[in-house]
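So you can see what is in the structure, the chains are spelled out below.
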Amino acid sequence: MSAQSARIRPDGAGPFGVNDASAVVDEDRSFRALVRLMRSDIEAIRCWGSTIPRRIYPNVVVAWSYRISHWLHIRRLKPFAMALAWATHAVTACEIRPGAVIGPGFLVVHPTGHVIGGGLIAGRNLTLWARCGIASAPTHDFNGSPRLGDHVSMGMGA
């Protein structure tokens, strides 16, 4: 087994030891789908009734960065997806792996300190408050990745 093939999961989903939930979820890879998801994230923030500047940074930056990196990831542009995820992590201290699948209405209230693994599959309206960690320990068969339903709100330290 070569060094390169050792870094790729048995199902061929991706390098970096990242669980790739998009391998088990059939997703729309179109640009329109990306725009729809980004609009749903704005609607999730708008329901809070906050002012425009509070809606824009850094909550939307984190959500939209994830959306774009995930879109690149499912279009098989994984190095670019990881580069964007790493840049977002450096700027906001929020790590969301591009392989995670998060439904519409993603809201990050306090973006600093989150760690979201690549195997996460979450439904609509996921809300993260502060310093949430959602990941599984890497194993050889990559079982045990979290699955969250619709309308989940995770509090501090969860």
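Residues numbered from 1 in each chain as written. Predicted model: local features only at pLDDT ≥ 70, side-chain atom pairs only at ≥ 80, totals over all residues. Heavy atoms only, no water.

Caption draft 1: Highlighting the pattern of salt bridges. In total, this model carries two salt bridges according to the counting rule given. Where R67 meets D41, a salt bridge forms, and the shortest distance between an N and an O atom there is 2.8 Å. Placement of R67 in helix α4 (residues 59–74) and of D41 in helix α2 (residues 31–46) is noted, with a sequence separation of 26 residues between them. Residue classification places R67 among the buried residues on the basis of a relative accessible area of 3%. Here D41 falls in the buried class, since its relative accessible area comes to 1%. The partner of R97 in a salt bridge is E95, and the shortest N-O contact between them spans 3.0 Å. (Salt bridge = Lys/Arg side-chain N within 4 Å of Asp/Glu carboxyl O. Helix = DSSP H or I, 4+ residues; strand = E, 2+ residues; numbered from the N terminus. Buried < 20%, exposed > 50% of the residue type's maximum accessible area, 1.4 Å probe, protein only.)

Caption draft 2: Just the sheet that holds strand β1 (residues 95–96), in detail. Ordered in space as β1-β4-β7, the three strands form an open sheet in which the pairing is parallel. Sheet topology places β1 and β7 (133–134) at the edges, where each strand pairs with a single neighbour. Sheet topology places strand β4 (residues 115–116) next to β7; two bridges connect them, and they run parallel. Looking at β7, one finds that I116 is bridged to I134. (Pairing = 2+ DSSP bridges.)

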